[in-house]
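# Close look at the chain arrangement
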Amino acid sequence: QVQLVESGGGLAQPGGSLRLSCAASGFTFSGYALSWYRQGPGKERELVARITSTGVSTTYAGSIEGLFTISRDNAKNTVYLQMNSLKPEDTAIYYCNANGRRFGRPQNYWGQGTQVTVSS
């Protein structure tokens, strides 16, 4: 059974930091690109950051580039999102996503999300 379980969300002050984790199981983690998405109140879900299966290449949304860092540990089947200099507009539910192929068929998995609230 495929599972993506996010953790590390919570309340942070503006300018603070949080580190999100997403633990995966039930699929070949090292063969999948991993992404973090977020959905703020009244907003559509948007891509925050993406990392390739090998971890060599990363992509970031322009609004958080240089502030957030995505990384992965294939030995632990875990992807991380280090978020620094948080702003109130970063308040959202953050979702982990895995995208790849299984027996040649595209697969797309989602976690349940973790709430991040940035407020003083």
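Residues numbered from 1 in each chain as written. Predicted model: local features only at pLDDT ≥ 70, side-chain atom pairs only at ≥ 80, totals over all residues. Heavy atoms only, no water.

Attention now goes to the packing of aromatic side chains. A ring pair, where both rings are aromatic, is described by two values, the distance of the centres and the angle of the planes. Applying the stated criterion to the full structure yields six aromatic pairs. A ring pair is formed by Y32 and Y109, whose centres lie 5.8 Å apart and whose planes are at 20 degrees; its orientation type is stacked. Of this pair, Y32 sits in the loop between strand 3 (18–25) and strand 4 (33–39) while Y109 sits in strand 10 (residues 105–110), and the two are 77 residues apart along the sequence. Using a relative accessible area of 3% as the deciding quantity, one classes Y32 as buried. Through a chain of ring-to-ring contacts, the aromatic side chains of F27, F29, Y32 and Y109 assemble into a single cluster. The ring of Y95 is capped by R45, whose NZ or CZ atom sits 3.8 Å from the centre of that ring. R72 extends its terminal NZ or CZ atom over the ring of F29, reaching a point 4.7 Å from the ring centre. (Phe/Tyr/Trp six-rings, centres within 6.5 Å; stacked < 30°, edge-to-face > 60°. Helix = DSSP H or I, 4+ residues; strand = E, 2+ residues; numbered from the N terminus. Buried < 20%, exposed > 50% of the residue type's maximum accessible area, 1.4 Å probe, protein only. Lys NZ or Arg CZ within 6 Å of the ring centre and 35° of its normal.)

With that settled, consider the side chain of R38. Relative to the assigned elements, R38 resides in strand 4. Within the structure, the side chain of R38 is placed 2.9 Å from the side chain of D90, a separation counted as a polar contact. Within the structure, R38 has its side chain in polar contact with the side chain of Y94 (distance 2.9 Å). Sequence-distant contacts of R38, that is, excluding residues within four places in its chain, are made with E44, R45, E46, V48, S63, I64, F68, E89, D90, A92, I93 and Y94. (Polar contact = N/O pair within 3.5 Å; in protein donor to acceptor, adjacent residues only side chain to side chain. Contact = heavy atoms within 4.5 Å.)

Counted by the stated rule, this structure contains two salt bridges. Put simply, R38 and E46 hold a salt bridge, and the shortest N to O gap is 2.7 Å. With relative accessibility at 7%, the residue R38 sits in the buried group. Residue class for E46 comes out partly exposed when judged on its relative accessible area of 35%. Residues joined in a network through salt bridges with shared partners are R38, E46 and D90. (Salt bridge = Lys/Arg side-chain N within 4 Å of Asp/Glu carboxyl O.)

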